[in-house]
Amino acid sequence: MALNLLSLSARPSPTTSAVMCQAIATTFSVLSVTPPLPLQPPLLSLPQKSIPMPLPSSSCALHCPHFQSCSGCTHEYNLHHPAILDEANDFFEKLGVSEFNFDTCRLWEWRCRAKLAVRGPSTKPLIGLYREGTHDVVDIPECKAHHPSINAAVELLKQGMSKLNIEPYDEDQGTGELRYVQMAVTTYNTSLPASQRYKNGKVQVALVWNSRNENSPSSEKLNDLANFIWRNGGAKGKVHLIHSIWANFQTSTNNIIFGNRWRHLLGERDFWEHVGGIDVSLAPSSFGQANTRAFDFLLRKLHKYVPSGASVVDLYAGAGVIGLSLATMRKCRSVKCVEVNKESKVSFEKTAARLPATLDSSISWHHADASKEPLSWLVGSDVVVVDPPRKGLDLSLLDTLRSLSSLELKSNLPESTSAKAKNEKRPWVLRERETSVQVKSSTVQEESRSLPETLIYISCGWDSFKEDCMSLLSSKAWYLDKAHGFNFFPGTQSIEILAVFKRVSKPNIKRRKSGKKKRPS
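Residues numbered from 1 in each chain as written. Predicted model: local features only at pLDDT ≥ 70, side-chain atom pairs only at ≥ 80, totals over all residues. Heavy atoms only, no water.

The name recorded for the chain in an unreviewed UniProt entry is S-adenosyl-L-methionine-dependent methyltransferase superfamily protein, from Abeliophyllum distichum.

A. Examining the overall build of the chain more closely. The number of helices and strands found in the chain is 13 helices and 20 strands. Per-residue burial for the chain yields a buried fraction of 54% across its 521 residues. The long-range fraction of contacts in the chain, counting pairs at least 24 apart against all pairs at least 6 apart in sequence, stands at 71%. Total accessible area on the chain is roughly 25000 Å²; 51% of this is exposed by carbon and sulfur atoms. (Helix = DSSP H or I, 4+ residues; strand = E, 2+ residues; numbered from the N terminus. Buried < 20%, exposed > 50% of the residue type's maximum accessible area, 1.4 Å probe, protein only. Contact = heavy atoms within 4.5 Å. Areas by Shrake-Rupley, 256 points an atom, 1.4 Å probe, with all protein chains shown as cover.)

B. Main features of the UniProt feature "binding site: S-adenosyl-L-methionine" (unreviewed entry) in the chain. Summarizing the sequence annotation, UniProt attributes the feature "binding site: S-adenosyl-L-methionine" (unreviewed entry) to Gln-289, Tyr-316, Glu-339 and Asp-387 in the numbering used throughout. Judged by relative accessible area, which is 16%, Tyr-316 ranks as buried. In this structure Tyr-316 touches Val-338, Glu-339, Val-386, Asp-387, Pro-388, Pro-389, Gly-392, Leu-393, Asp-394 and Leu-397, once residues within four positions along its chain are discounted. Assignment of secondary structure puts Glu-339 in strand β14 (residues 334-339). Leave out the neighbours within four places in its chain, and Glu-339 touches Tyr-316, Ala-317, Gly-318, Ser-344, Trp-365, His-366, His-367 and Ala-368. A distance of 3.4 Å separates a polar side-chain atom of Glu-339 from the backbone nitrogen of Ala-317. (UniProt positions renumbered as here; feature names shortened; annotations may be inferred. Polar contact = N/O pair within 3.5 Å; in protein donor to acceptor, adjacent residues only side chain to side chain.)

C. Focus on the sheet that holds strand β9 (residues 242-249). Taken in spatial order, the seven strands of this open sheet run β6-β5-β4-β7-β8-β9-β10, and their pairing is mixed. On the outer flanks of this sheet lie β6 (137-139) and β10 (261-267), each paired with one strand and no other. Put simply, the sheet's adjacent strands are angled 35 degrees from each other on average, direction ignored. When strand β7 (residues 178-186) meets strand β8 (residues 202-209), the two strands line up antiparallel, connected through eight bridges. Paired with Thr-186 across the strands is Lys-202, a residue of β8. Those strands touched by helix α2 (residues 148-164) are β4 (113-119), β5 (126-130), β6, β7, β8 and β9, and its axis lies near 145 degrees from that of β7. (Pairing = 2+ DSSP bridges. Axes fitted to C-alpha atoms, helices over the stretch in contact; angles between N-to-C directions.)

D. Region of interest: the environment of Leu-265. Tracing the backbone shows Leu-265 in strand β10. Measuring from C-alpha to C-alpha, the distance between Leu-265 and Leu-222 comes to 9.6 Å, with 43 residues separating the pair along the chain.

E. Geometry of the packing of helix α5 (residues 292-303) against helix α6 (residues 321-329). Where α5 meets α6, the axes come as close as 10 Å, and the angle between the chain directions of the two elements is 50 degrees. Accordingly, the angle class assigned to the pair α5 and α6 is oblique. Crossing of α5 against α6: the hand is right-handed. On α6, the residues touching Phe-295, Leu-299, Leu-302 and His-303 of α5 are Val-321, Ile-322, Ser-325, Leu-326 and Met-329. The residue inventory of the contact of α5 with α6, partitioned by class, reads seven nonpolar, two polar and no charged. (Parallel < 35°, antiparallel > 145°, perpendicular 65-115°, else oblique. Left-handed = near helix turned anticlockwise from the far one by under 90°. Nonpolar A, V, L, I, M, F, W, Y, C, P; charged D, E, K, R; others polar.)

F. Broad picture of the packing of aromatic side chains. Counted under the stated rule, the structure contains twelve aromatic pairs. Relative to Phe-465, the ring of Trp-462 has its centre 6.0 Å away and its plane inclined at 25 degrees; by these criteria the two rings are stacked. In this pair, Trp-462 and Phe-465 are both assigned in helix α13 (residues 462-474), three residues apart and thus about one turn of the helix distant. A single burial state applies to Trp-462 and to Phe-465, both of which are buried. Pairwise contacts between aromatic rings join Phe-91, Phe-92, Phe-100, Tyr-457, Trp-462 and Phe-465 into one cluster. Directly above the ring of Tyr-169 sits Arg-179, whose terminal nitrogen or CZ lies 4.3 Å from the centroid. (Phe/Tyr/Trp six-rings, centres within 6.5 Å; stacked < 30°, edge-to-face > 60°. Lys NZ or Arg CZ within 6 Å of the ring centre and 35° of its normal.)

G. Geometry of the side chain of Ser-244. Inspection of the secondary structure assignment puts Ser-244 in strand β9. At 2.8 Å, the side chain of Ser-244 forms a polar contact with the side chain of His-243.

H. Up close: unusual backbone geometry. Of note in the backbone geometry, Asn-165 takes a positive phi value of approximately 55 degrees without being a glycine. With respect to the helices and strands, Asn-165 occurs in the loop between α2 and β7. The residue Lys-331 is not glycine, and still its phi comes out positive at about 50 degrees.

I. A look at the confidence of the model for the chain. When the pLDDT values of the chain are averaged, the result is 85; 79% of them are 70 or greater. Considering only residues more than four positions removed or in separate chains, one finds that residues 1-56, a stretch of pLDDT under 50, has 130 contacts. (pLDDT = per-residue confidence, 0-100.)

J. Representation of the UniProt feature "active site" (unreviewed entry) in the chain within the structure. Following the UniProt record, one finds the feature "active site" (unreviewed entry) at Cys-460. Assignment of secondary structure puts Cys-460 in the loop between β18 (454-459) and α13. Leave out the neighbours within four places in its chain, and Cys-460 touches Pro-388, Pro-389, Arg-390, Ser-494, Ile-495 and Glu-496.

K. The pattern of salt bridges, seen in detail. On inspection of all chains with the given rule, the structure shows twelve salt bridges. With its nearest N and O atoms 3.3 Å apart, the salt bridge here joins Arg-119 to Glu-171. Of the two residues, Arg-119 sits in strand β4 while Glu-171 sits in the loop between α2 and β7, which places them 52 residues apart along the sequence. Through salt bridges with shared partners, a single network forms among Glu-87, Asp-463 and Lys-466. (Salt bridge = Lys/Arg side-chain N within 4 Å of Asp/Glu carboxyl O.)

L. Focus on α5. With twelve residues, α5 extends 17 Å from end C-alpha to end C-alpha; this agrees with the ideal 16 Å at 1.5 Å per step. For α5, the set of buried residues is Thr-292, Ala-294, Phe-295, Asp-296, Phe-297, Leu-298, Leu-299, Lys-301, Leu-302 and His-303. Buried residues in α5 make contact with β3 (101-103), β11 (272-275), α6, β18, β19 (478-486) and β20 (496-503). (Expected span 1.5 Å × (residues − 1).)

M. Looking closely at the pairing of β11. With four bridges joining them, β11 and strand β12 (residues 278-281) adopt antiparallel strand pairing. Counterpart to Trp-272 in the pairing with β12 is Ser-281. Between the antiparallel neighbours β11 and β12 lie two residues, among them Gly-276 with a positive phi of about 60 degrees.

N. Highlighting helix α4 (residues 219-233). Compared with an ideal rise of 1.5 Å per residue, which puts 15 residues at 21 Å, α4 spans 21 Å between its outermost C-alpha atoms and is within 8% of the ideal. Turning to α4, its buried residues number three or more, namely Ser-219, Leu-222, Leu-225, Ala-226, Phe-228, Ile-229, Asn-232 and Gly-233. Buried residues in α4 make contact with α2, β7, β8, β9 and β10.

Following this line, the structure appears as C-alpha cells:
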C-alpha cells in the first residue's frame, strides 16, 4: 500500500490566537479567541497583552466527531471553564484566598503524550481509547486534543500495520502482536525559531509488543514495523515526523500497559524537552506531563514562591524536573529529590548533566519512599514541594506536616538524611542508597536542623487535595497563602492546583517565674 505522505505533513495554522484565560473568582480576563478551523492548530505564540472581554462559550467548544463515543473528554463546550472551576473558586474564597487565578493555557492540540490501545483487524486497526465502562476501543483519528504530530504518527502506524499484516492484540484470546502504543512529542529543536518549535514537534513511538523479549518468534515483524515507520517518517524520510522508536515487551493479562523490558530500536536514544527554564531528559518509561505547555506555565509560577538561595526538598519527585528547575532558576543552596521509582534515576542524571556549569548548588536524587521516616527528609529544608499522585499525600507524611510546629519545640529532632547517610551501616540500606545520585557542589554546605516554613502542594486530584488541605489547616500549623489553577486537561472535569502554605508563627511566650511573693516589711 502506498504511503500518503501528504497526510503526515503539518497543516498550516489559521489566523487564530492561542488562549490564556485568567479567572479571579468568576471573572475572566482573556485574550482574543477564535475557534480552530477543522483539523488545524492555533498559533503557538501568546499575545503579551491581555484584553478584557467576554468570552462566548461557542468559541471554546471541542468540535470533535468522537465526543459521544470516546472517553477522553467529558464535556464539549466551555473548554476554558470546566464546571469544577466554580467549586474551586468557592472553596478558596471561603479559606480567605482572595485571588484564585486560573490559567486555561492551550485548549486544543495540547496533549503531547498519549497511551493508546490497539485492537481490531490488521487490515483496519483501531487505535484509541476505550469506550466508557468497556474494553471496546474507539478509533480516534484527528483527535482534537492530540498534538497534530501524534495524529500523523498514528496514521503512519496504521498504514504500516495494514501493509505488514501486524495483528492487533485480542484481550479475550491473549493473542496478537501489538497491544498498545505510547506517543510522546518533543518540541525541543534549537535549530528552529522558538515560535515554530511546537507545531514541528517530533514523536517518540513506543510499541508495546505481546512477547517476553526481542528474541520471540514475532520479533522479525516488530523490526519490520519499526523500519517501515522510520523509513517513511524518520530523519531521511520526505517528512521528518518520528524522533525515535522503542519497543516494550508485555505478556501480562492484567490492565498494566507496560512490561519491565525496554529496547531502543531506531532514531535518537535521548528524548529532550525544555520546561521550567531547563533541558529535561525523559525515558519512555518515565512519567511525563501530557500537557507540556501548561506544565511550563506552572513551573514558572512556582519559581515566584521559592526564595533565592533556599534549601528545598522535592517529594514525589519523579525524574527531578521540579527540583532541578528550582535549583537553576532560584539558585537554591541545596535541593533533595525523593522518588520511589528507581527508573527515574537515569533521566535525572542526564538532566542534571546539562545544568549550567556555574550553578553552585548541592543537588541529590534519592531512591526512597517519602512516606517512610518523612521527618528525616524535611529536616534542614526551608521549602518542601510535594507533587503526589491522584490519591494525595501519604498519611504518614501528612501527619508529619501537621505536627511540625510541635516537633520543632522538641530538642530531639532526627538527623537529616545527609547526616544519617554518614553514619548508616546497615547493608540493605546501603545497597538501596547505591541508586542515589549526588551532584557535587564547590561550596561545603553546613548541616541545618531547621524545618520548612513553606509547603508548595501541586495536585492533580481535586478531591484528595481538598481533604489534605483541610487536614493541614485544621492542625493550626499551616495557613493557605496563595492558590492557582491550571487547565492541564481541557475537555475534562479536572484542574491542576498549585497551592502555597505557610507555617503559622508561634508567639514567643515568656514563662512567669514561680515562687512566693515577698511580704512587705
